[in-house]
Amino acid sequence: MSQFIATIKKINSIDSLNIVEFSFCNQTLKMMSLDLSKDIQIDKKVKLSVNPSNVIIAKNLFGEISLSNQLVATINSIESGELLCSVILKIENIYIESIITKDSAERMKLKKDEQVTILIKASNLSIEEILND
């Protein structure tokens, strides 16, 4: 699991569906959730997590896309296995892992220090912990 700290900036709720907006490295992330804890409040710091297989990497992204979580990152390292690659991405001083197929990494010609866009569906982001300041 990739984990990182963000601050809750906005909560939109209808019935039990919630869209929570976070501030992360001067960018906005969104999470879709059912039945939020009452401790989830605006301006609280939280530890977010995402499964590495749910972190999508894009190069030369063009046009409209429905994924609201789009973060610019730099490739810190790439480890290739027989079928999969672990790509460690860096945003400021935060590291996020993406697991993609080796074929995709080769097709995209990914390389260290290259700038890419990370895409994460709002439903794939989760709050691991509420942090006390």
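The present account deals with the structure reproduced in this document.

The rules behind these values
Residues numbered from 1 in each chain as written. Predicted model: local features only at pLDDT ≥ 70, side-chain atom pairs only at ≥ 80, totals over all residues. Heavy atoms only, no water. Phe/Tyr/Trp six-rings, centres within 6.5 Å; stacked < 30°, edge-to-face > 60°. Helix = DSSP H or I, 4+ residues; strand = E, 2+ residues; numbered from the N terminus. Buried < 20%, exposed > 50% of the residue type's maximum accessible area, 1.4 Å probe, protein only. Contact = heavy atoms within 4.5 Å.

1. Concerning the packing of aromatic side chains
Consideration 1: With the rule as written, the count across this model stands at one aromatic pair.
Consideration 2: Centroid distance Phe4 to Phe24: 4.7 Å. Interplanar angle 45°. Geometry classified as tilted. Of this pair, Phe4 sits in strand 1 (residues 2-14) while Phe24 sits in strand 2 (residues 17-24); the two residues are 20 residues apart in sequence, bridging distant segments of the chain.
Consideration 3: Residue classification places Phe24 among the buried positions, given a relative accessible area of 1%.

2. Here we look at the environment of Phe22
Consideration 1: Along the polypeptide, Phe22 turns up in strand 2.
Consideration 2: Phe22 gets classed as buried once you look at its relative accessible area, which sits at 1%.
Consideration 3: Those residues in contact with Phe22, other than ones at most four positions away along the chain, are Ala6, Thr7, Ile8, Lys9, Gln27, Thr28, Leu29, Met31, Val46, Leu48 and Ile127.

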